[in-house]
Amino acid sequence: DDSIYYGITTKVLSNDVTHFDNEAGDAEIVLKTQRREAIGNTVNAAVYYQEMRILMKKVDGVWKVDGAYWEKKI
C-alpha cells in the first residue's frame, strides 16, 4: 500500500562555521540544505530549502553534537 509512503532526503549544499571557540569548547555551524519530501509516492516529491543549526561541545578533547535545530523553510 503506497498511500502510506513517506520519505524525505536531505542534501547539504554548504556549511558556515558561525562560532568557534576551541578554548571554551563550543562551536556553531549552519548547514544550508536541499530537502526532497515525498508523500504517497516518489513521483510528486516537493523540493525545498532549509537551514539546520548544529551546536558542538568539546568533551574530553572530542567534539560532540550538543544540539541540532531545523530552522524555517527558505
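Data block above holds the structure.
This section reports on the structure supplied with the text.

The rules we used
Residues numbered from 1 in each chain as written. Predicted model: local features only at pLDDT ≥ 70, side-chain atom pairs only at ≥ 80, totals over all residues. Heavy atoms only, no water. Helix = DSSP H or I, 4+ residues; strand = E, 2+ residues; numbered from the N terminus. Core = buried A, V, L, I, M, F, W, Y, C linked by side-chain atoms within 4.5 Å. Buried < 20%, exposed > 50% of the residue type's maximum accessible area, 1.4 Å probe, protein only. Contact = heavy atoms within 4.5 Å. Phe/Tyr/Trp six-rings, centres within 6.5 Å; stacked < 30°, edge-to-face > 60°. Lys NZ or Arg CZ within 6 Å of the ring centre and 35° of its normal. Lys, Arg positive; Asp, Glu negative; His and termini not counted. Salt bridge = Lys/Arg side-chain N within 4 Å of Asp/Glu carboxyl O. Polar contact = N/O pair within 3.5 Å; in protein donor to acceptor, adjacent residues only side chain to side chain.

1. Here we look at unusual backbone geometry
Then, in step 1: One non-glycine residue, Asp60, lies in positive phi territory at about 50°.
Then, in step 2: Locating Asp60 in the fold gives a position in the loop between strand S3 (46-59) and strand S4 (62-73).

2. Some thoughts on the nonpolar core
Then, in step 1: Of all hydrophobic cores here, the largest spans five residues; its members are Ala27, Leu31, Met52, Ile54 and Met56.
Then, in step 2: Counting residues per element, the ones that place at least two in this core are strand S2 (26-39) and S3.
Then, in step 3: The leading source of residues in this core is S3, at three residues.
Then, in step 4: Ignoring sequence-local partners within four residues, the contact set of Met52 consists of Ile29, Val30, Leu31, Ala68, Tyr69 and Trp70.

3. Structural notes on the packing of aromatic side chains
Pairs of aromatic rings are described using the distance from one ring centre to the other and the angle between the two planes.
Then, in step 1: Summed over all chains, the structure comprises one aromatic pair.
Then, in step 2: Measuring from centroid to centroid gives 5.4 Å for Phe20 and Trp63, while their planes differ by 35°, and the two rings are tilted. In this pair, Phe20 is assigned in strand S1 (residues 6-21) and Trp63 in strand S4, connecting sequence segments 43 residues apart.
Then, in step 3: Judged by relative accessible area, Trp63 falls into the partly exposed class, the value being 29%.
Then, in step 4: Lying across the ring of Trp70, Arg35 places its NZ or CZ 3.8 Å from the centre.
Then, in step 5: When the ring centre of Tyr48 is taken as origin, the NZ or CZ atom of Lys73, which lies over that ring, is 4.1 Å away.

4. Some points on the side chain of Glu37
Then, in step 1: Position of Glu37 among the secondary structure elements: in strand S2.
Then, in step 2: Buried within the structure, Glu37 lacks any salt-bridge partner; Lys73 is the closest side chain of opposite charge, at an N-O distance of 4.5 Å.
Then, in step 3: Sequence-distant contacts of Glu37, defined by excluding residues within four places in its chain, comprise Tyr6, Gly7, Ile8, Ala45, Ala46, Tyr48 and Lys73.

5. Re the environment of Trp63
Then, in step 1: As a C-alpha pair, Trp63 and Ala27 span 36 residues in sequence and 9.1 Å in three-dimensional space.
Then, in step 2: Contacts of Trp63, omitting those with residues within four sequence positions, involve Phe20, Asp21, Asn22, Gly25, Asp26, Ala27, Met56, Lys57 and Lys58.

6. A word on the environment of Glu71
Then, in step 1: Considering the arrangement of structural elements, one finds Glu71 in strand S4.
Then, in step 2: For the pair Glu71 and Thr9, spaced 62 residues apart in sequence, the C-alpha to C-alpha distance is 16 Å.
Then, in step 3: Residues within four places of Glu71 in sequence aside, it is in contact with Gln50, Glu51 and Arg53.
Then, in step 4: At a separation of 3.2 Å, a polar atom in the side chain of Glu71 contacts the side chain of Arg53.

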